[in-house]
Amino acid sequence: MNAIPALKDVFTRGQRQSDPDTPRAPEQGGEPRVVGAVDALRDVFTRNLRQSGIYIAFVAIIGLFAWLTDGLLLSPDNVTNVFLQYGYILILAIGMVIVIIAGHIDLSVGSVVALTGAVSATFVIKQGHPSWLGVLVALGVGLLVGAWQGFWVAFVGIPAFIVTLAGMLLFRGMTLRVLHNISLSPFPTDYHNIAGGFINGVLGGNGYDVFTLVVAAVGIAGYAYSQLRNRRGRIRYQQSVEAFPLFVLRLVLVAVVVMALAWQLAHSRGLPVVLIILGILIMTYSVITTKTVFGRHVYAIGGNLSAAQLSGVKVKKVNFWIFVNMGFLAAVAGVVFSSRSNGSQPAAGQMFELDAIAACFIGGASTTGGVGRVTGAMVGGLIMGVMSNGMQLMGIDQSVQQMIKGLVLLLAVAFDIYNKRRAGAAR
Amino acid sequence: MAQPILEMRSITKTFPGVKALQDVSLSVAPGEVHAICGENGAGKSTLMKVLSGVYPHGTYDGEILFEGEEVAFGSINDSEARGIVIIHQELALVPYLSVAENIFLGNERVRRGLINWNQANSEASALLRRVGLDELPVTPVGHLGVGKQQLVEIAKALSKKVRLLILDEPTAALNDTDSEHLLGLLRQLQAEGITSIMISHKLNEIAEIADSTTIIRDGRTIETLDMHADKVTQERIIKGMVGRDLDHRFPPHEPSVRDEEILRIENWTVHHPTDPDRVVVDDASLYVRAGEVVGIAGLMGAGRTELAMSVFGRSYGRNITGKVFVRGREVTIRDVDDAIGHGIAYATEDRKKYGLNLIEDIRTNISAASLRKFSSFGWINANEEIRVAEEYRQSMKIKAPTVLATAGKLSGGNQQKVVLSKWIHTDPDVLILDEPTRGIDVGAKYEIYTIINRLADAGKAVVVISSELPELIGICDRIYTLAFGRITGVLPREQATQENLMELMTKERDTVR
């Protein structure tokens, strides 16, 4: 492999010319290796703390509400409901976390959800076009909206806060225009099935849906395979890997959680279509953010804009595509939401942007950019979802729900700031 | 001689790992203009910050006597209460507020809780007349040029009943007329009994106006010259400013210059990005050969970094004109990506601000400028990335347990090695290293010099920009000098002495032409 020619040229030639009279810097890493290893471990731990922290919080919140609702929270029907109710917020959060990692914000997604839903409804309900055409046109509108906002942010250089605040008004106004201020409903069945539908009974089953379980099993197998391949690759490159029993334990844990979820779904109405859409999006965007050059550039821009620019990152181009992508995902959420509500309302999607943004920050994204994960945002969104759902089941007043959600967001960001300050002090 | 108005005795100030000031003493007679000279980083500004209370009493050793009594300033407000006012190099005015508002900022003319604008504006007018500035007190400061803003700063100082005025590089950003006016004003204030301390790089101005000059080098007082008695020349000051021993600070290196010319810049002119009338780099031409280490010497504000960054993908400035040749062929460089593509690398002088993503790990930083090499169709091979980063960690002796350690937690020297690794991996033909050893300790410096030598031996062209003249003389084959945006000379290693360089670096406009 000839990937590092300069290094070869420069450093294989002769040893370092040592001069006995040269004052030497005190060796920081010069002590026994163990210290270094402990430091590394601590470093890895503190860096993963905000990630692992929210997983623990997630489990605790599920446990709490399961207990408070006498297990109602985890009943098959309710588990299905949580995904149907918060699916579109999660879809928005995927795009939003990328926007936030790059150091921007998008306040317009709620309005874009309304606009794309309205356009789709006009095409399908009012003009009688087939459902697939409505979906395509909605996605097209989303891309255009994204390109519009990306243009102003990336090429004109207006802060995203302002551009998307303007967009929030602009696209809400357009929605009212498109709908002539009245709701449209209902959609034909095939459109309604996009988010309201289930895939079940394909493989039969008695009281539960075998297909759902098979899909889950295939998913787990795929996950295990990719993890194994990953591990083999690391071993081939002589990198440290976790001990094999630990590795297996992790796989088993994931398998158990997924199968338990599938089991509950199978005993309700089967596999929700929206969960399939969500699954595909999460996988795709996890890969994009962690394994591609584009994803790396997003983190670089958010982490240190000037350094990214001086490393040859085409910042404007990347920023533009971040917003195009956000527009696209907002359109997907728009289709899902209009499908679920089986129609389009002028006031649809209000406050969605805030839920999506909250999901990202609870999920460990940093307010100053450069930090965040798609999986984190998903867990953040689910924390919000489970809390709302749990409080609804308990019949807690809407006013109290709002206050609690607000406090959770505040505490999550306070935790982030606290972490950062500690990291800064250690520097 | 009368009792000194200010006496600083044995001031020692340490920052973590660095002794910025060591046993510095300064004595200023009442009513004089006292100049302080020294190279960049010699400790001049630190000394003034100690004096003005920016570094409060207790964070330094030594004592300060003002008007005969010992003082212990806890903040800048304390020193201002005693009539010591400092005017920083970067002006501290609010551009959107008026002249009068700026003058009385933090010191408002208040009656019954409300600002008395009539009083403020009329007092401001009087102060403006005193400093010879013909502007209305209601004009927003942003509408004034730098020279006039400087005068507003002085008016602000006068409003605080100043006894000792400290000016840090007051004329650095001024043109000749404005400088002349400012120096005239200092003389006038002197006649009114106000003592001034002036930090300046412009030796001709010092020779013209100063009554005495204190020279600081490497955080120590070298000498104080009486400018009237000794018939002090500019050469005499230069001699004091330089002159360190160079023993064993640089690895031995046989020049490896080849005939092949790698980079040539011709008639390069760059204008200031926000002030397009100001020429920052003026008609500069230079070339670098394969295996050659070329230095660029210049004082602060001479346009060194601006020259480098404007060549590196137009990262600085506007209205850039001139030609760049790489290996004899003229190239067009529109952005950083183009520059990297043409084999140019630029390691910035400010690692933390422009060089590194401090919240990411070493690996991510090393691969940041060469992700293409680690990816196919946009997919990054993370294992390959880690392997390469690991090789650099070992060969560059980056002191970190793994390449997954956060870059922000490394020491300055190790951060610099990460930056160098990043650029070496882009496989450049020419590396421009801007202040490669700023803020790092002596041992790490030695290692960086060794790396530079190896790069040259491998046939790379290396350009080193540095404020430390001994460093340039110690490692460069040829040194260009830059003064006020112009290239004022080029000296081969044999002829490069600190005195020669300093003379070329302080060459004024008229003597160049």
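The rules behind each value
- Residues numbered from 1 in each chain as written.
- Chains lettered and ligands numbered in written order.
- Predicted model: local features only at pLDDT ≥ 70, side-chain atom pairs only at ≥ 80, totals over all residues.
- Heavy atoms only, no water.
- UniProt positions renumbered as here; feature names shortened; annotations may be inferred.
- Pairing = 2+ DSSP bridges.
- Helix = DSSP H or I, 4+ residues; strand = E, 2+ residues; numbered from the N terminus.
- Axes fitted to C-alpha atoms, helices over the stretch in contact; angles between N-to-C directions.
- Contact = heavy atoms within 4.5 Å.
- Phe/Tyr/Trp six-rings, centres within 6.5 Å; stacked < 30°, edge-to-face > 60°.
- Buried < 20%, exposed > 50% of the residue type's maximum accessible area, 1.4 Å probe, protein only.
- Core = buried A, V, L, I, M, F, W, Y, C linked by side-chain atoms within 4.5 Å.
- Domains from an automatic or database assignment.
- pLDDT = per-residue confidence, 0-100.
- Expected span 1.5 Å × (residues − 1).
- Patch = residues over 30% accessible without salt bridge, like charges linked within 9 Å, V, L, I, M, F, W, Y side chains within 5 Å.
- Areas by Shrake-Rupley, 256 points an atom, 1.4 Å probe, with all protein chains shown as cover.
- Salt bridge = Lys/Arg side-chain N within 4 Å of Asp/Glu carboxyl O.

Chain B has the name Sugar ABC transporter ATP-binding protein in an unreviewed UniProt entry, where Cellulomonas alba is given as its organism.

As annotated in an unreviewed UniProt entry, chain A is Xylose transport system permease protein XylH from Cellulomonas alba. Taken verbatim from the UniProt record of chain A, the Subcellular location (unreviewed entry) comment is "Cell membrane".

Asks: Would you mind showing me how to read the sheet that holds strand S10 (residues 195-199) of chain B here?
Replies: The strands making up a sheet are joined through hydrogen bonds of the backbone, oriented either antiparallel or parallel. Residue and element names in this part refer to chain B. Spatially, S6-S9-S10-S3-S11-S12 is the arrangement adopted by the 6 strands of the open sheet, whose pairing is mixed. The open sheet has two free edges, formed respectively by strand S6 (84-87) and strand S12 (220-226), since each of these has just one partner strand. In this sheet, adjacent strand axes meet at a mean angle of 20 degrees when their direction is disregarded. Bridging between S6 and strand S9 (residues 164-168) involves 4 bridges; their strand directions are parallel. Its bridge partner lying in S9, Ile-87 is registered against Leu-167. Those strands touched by helix H1 (residues 44-52) are strand S3 (33-37), S6, S9, S10 and strand S11 (212-217), and its axis lies near 145 degrees from that of S10.

Asks: Is there a simple way to think about the packing of aromatic side chains in this case?
Replies: Geometry of an aromatic ring pair is reported as the spacing of the ring centres plus the angle between the planes. Residues and elements named next belong to chain A. Enumeration over the complete set of coordinates arrives at 12 aromatic pairs over all chains. Judged by centre distance (3.8 Å) and plane angle (15 degrees), the ring pair of Phe-187 and Tyr-191 falls under stacked. In this structure, Phe-187 and Tyr-191 share a single accessibility class: buried. With a centroid separation of 5.4 Å and an interplanar angle of 80 degrees, the aromatic rings of Phe-320 and Trp-321 are classed as edge-to-face. According to the relative accessible area criterion, Trp-321 is partly exposed, its value standing at 46%. Clustering of aromatic rings is evident, with ring pairs tying together Tyr-88, Phe-337 and Phe-352.

Asks: How should I be thinking about the nonpolar core in this particular structure?
Replies: Looking at soluble globular proteins, one finds that nonpolar side chains tend to be buried together. Counting residues in hydrophobic clusters, the biggest one holds 102 residues, and the most contacted among them are Ile-237, Trp-268, Leu-307, Phe-312, Ile-344, Ile-362 and Trp-423 of chain B. Beyond its immediate chain neighbours, meaning those up to four positions away, Ile-362 of chain B contacts Ile-398, Ala-400, Thr-402, Val-403, Ala-405, Ala-407, Leu-410 and Val-418 of chain B. Of all hydrophobic cores here, the second largest spans 98 residues; its members include Ala-66, Tyr-88, Val-124 and Val-135 of chain A.

Asks: I'm lost on unusual backbone geometry in this one. Help?
Replies: Leave glycine aside and you will find that most residues have negative phi; peptide bonds, for their part, are mostly trans. Cis geometry is found at the peptide bond from Ser-185 of chain A to Pro-186 of chain A, where omega equals -10 degrees. Locating Pro-186 of chain A in the fold gives a position in the loop between helix H6 (160-179) and helix H7 (189-196). The backbone phi angle of Glu-435 of chain B is positive, close to 50 degrees, even though this residue is not glycine. Following the sequence through the fold, Glu-435 of chain B ends up in the loop between strand S21 (430-434) and helix H15 (442-457). Since its relative accessible area comes to 5%, Glu-435 of chain B is described here as buried.

Asks: How should the domain arrangement of chain B be read in this particular structure?
Replies: Interface size, as often reported, equals the accessible area lost upon joining of the parts. According to the domain assignment, chain B consists of domain 1 (6-241), domain 2 (246-343 + 428-513) and domain 3 (354-426). Spacing between the C-alpha centres of domain 1 of chain B and domain 3 of chain B amounts to 44 Å.

Asks: Please clarify how the confidence of the model for chain B should be interpreted in this entry.
Replies: Reading predicted coordinates in detail is not appropriate for stretches of low pLDDT. Residues at a pLDDT of 70 or more form 96% of chain B, whose mean pLDDT is 87. Prediction confidence for the complex, expressed as pTM and ipTM, is 0.78 and 0.79 respectively.

Asks: Any chance you could explain helix H13 (residues 315-340) of chain A here in plain terms?
Replies: Each turn of an α-helix holds 3.6 residues, which means side chains three or four residues apart point in the same direction. Residues and elements named next belong to chain A. Here H13 is 26 residues long and its end C-alpha atoms lie 37 Å apart, about the 38 Å a rise of 1.5 Å per residue gives. Summarising burial for H13: 21 of the 26 residues are buried, a large majority. Phi turns positive, to about 55 degrees, at Asn-342, one or two residues after H13.

Asks: I tried to follow a nonpolar patch on the surface on my own but got confused; where do I start?
Replies: Residue and element names in this part refer to chain A. On the surface, Leu-228, Phe-244, Val-248, Val-252 and Val-256 cluster together into a nonpolar patch covering about 400 Å² of accessible area. Sorting elements by how many residues they give to the nonpolar patch places helix H9 (residues 244-266) first, with 4 residues. Using a relative accessible area of 52% as the deciding quantity, one classes Val-256 as exposed.

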